[in-house]
Amino acid sequence: MSIGVESIPGARRLIKSLRDMGYEFESAVADLIDNSIAARANTVRINTHWAGADSYVSIADNGVGMSAQDLREALRFGAERDYDDDDLGKFGLGLKTASLSQCRKLIVASRQNESRADINAYCWDMSHIEATNKWEILPVRSADLPERVRLHLKETTGTVVVWQQLDRILGYSNPEGEPARKRLIDMCRTLEEHVAMVFHRFLENKVRGKRLAIYIQDDKVTPWDPFVANEPKRKVLEPLSLKVDGHIGRSDVVFEPYVLPAQSMFSSPEAHKRASGPASWNRQQGFYIYRADRLI
């Protein structure tokens, strides 16, 4: 039997390629919310902190948190852990690829112990990888974390993801300028619409055992239901269930059709306007596909 020779990919080149996996800002944040749900969080707080080139984004939850060993494994590309059937992640890449698609420095800080405010923190730093060409994460001292991160983890267990050096978000020649600041504000508005739609079942407390509240810049996100369940004039049609063969057996795919009321039949003009969704009426109609109650 021949003996294999380990061939480790070059960190500098591959990690740059992984940054270009096609994430938009809102889909990258949504991937991190998936992780918070898996960590049994019931609150996620997303904040952007404007400071020119030193601006950063933080995504904080109150989940179970991670030990230092668990955190190091979570930051490994292709991280291994046991996944539940309804977990939204499966491949151990989302946290890293989603985050580094938006920034050059990813910090993850976590607290697991309820009785002690011990914080574990590590980071992926593109400058360090470019200089060393090594798959190395760096420890981060609690004192070097943004104050808001320390305060959050002082009050609760959970995890905070911090995006620094926002080259993909503030990719202007002058990141200190007004256009960069306005872009960050506009992205928060788009993010609010996106998570209100993608996680609407969680935000409406319709997922058994998984209550969730999401705050963006301290404003609570209101869920957007594409099927306007609160409108009395909508029509619910007979559902259709199909058997689909998968690699581990057969599954049911359930189609639930709805007919939304005409504009004049909505309960109010405001309700009709809100029901139009992030992309407005014509582009919002069609099929909505869910996996584990999360719109995908």
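Below, the structure is looked at part by part.

What counts as what
All chains use their own residue numbering, which begins from 1 and follows the written sequence. Since the coordinates come from a predicted model, pLDDT governs what is reported: local features require at least 70, and pairs of side-chain atoms require 80 or more to be given and counted, while whole-chain, interface and lining totals use all residues. Calculation of side-chain values draws on the structure's entire complement of heavy atoms; hydrogens and water are dropped beforehand. Helix and strand labels come from DSSP, where a helix needs a run of H or I of at least four residues and a strand needs a run of E of at least two; each type is numbered from the N terminus. Buried, partly exposed and exposed residues are distinguished by accessible area as a fraction of the type maximum, computed with a 1.4 Å probe on protein chains only: under 20%, between the cut-offs, and over 50%, respectively. Whether two residues are in contact is decided by their heavy atoms: any pair within 4.5 Å suffices. Between any two strands, at least two bridges found by DSSP are needed for them to pair. Angular values range over 0 to 180 degrees, each being the angle between N-to-C directions of two axes fitted as lines to C-alpha atoms, with helices fitted over their stretch in contact. Expected helix span is taken as 1.5 Å per residue step, with the number of steps being one fewer than the number of residues.

### Re the environment of Ala229
Here's step 1: In this fold, Ala229 is placed in the loop between strand 8 (219–220) and strand 9 (235–236).
Here's step 2: Ala229 gets classed as partly exposed once you look at its relative accessible area, which sits at 34%.
Here's step 3: Considered as a pair, Ala229 and Arg183 are 46 residues apart in the sequence and their alpha carbons are 34 Å apart.
Here's step 4: Leaving out residues up to four positions away in the same chain, Ala229 has contacts with Lys206 and Arg234.

### Regarding the sheet that holds strand 3 (residues 105–111)
Here's step 1: The sheet built from eight strands is open, its strands ordered 5-4-3-6-2-1-7-8 with mixed pairing. Two strands lie at the open edges of the sheet, namely strand 5 (138–139) and strand 8, each paired on one side alone.
Here's step 2: Pairing geometry for strand 3 and strand 6 (residues 158–164), over seven bridges, is antiparallel. Within strand 6, the residue paired with Ile107 across the bridge is Val162.
Here's step 3: In this fold helix 7 (residues 178–198) packs onto strand 1 (43–49) and strand 7 (213–216), with an angle of close to 165 degrees to the strand it touches most, strand 7.

### Notes on the pairing of strand 11 (residues 249–255)
Here's step 1: Both strand 10 (residues 240–246) and strand 11 contribute to a ladder of seven bridges, which runs antiparallel. Bridge pairing in strand 11 places Ser241 opposite Val254.
Here's step 2: Linkage of strand 10 to strand 11, two consecutive antiparallel strands, is achieved through a turn of two residues.

### Some thoughts on helix 2 (residues 25–38)
Here's step 1: For helix 2, built from 14 residues, the straight-helix expectation of 20 Å at 1.5 Å per residue is met to within 8% by its first-to-last C-alpha distance of 21 Å.
Here's step 2: Of all 14 residues in helix 2, eleven are buried; the element is thus mostly enclosed.
Here's step 3: Every buried residue of helix 2 is accounted for by Phe25, Glu26, Ala28, Val29, Ala30, Asp31, Leu32, Ile33, Asp34, Ser36 and Ile37.
Here's step 4: Arg40, located one to two residues past helix 2, shows a positive phi value of around 65 degrees.

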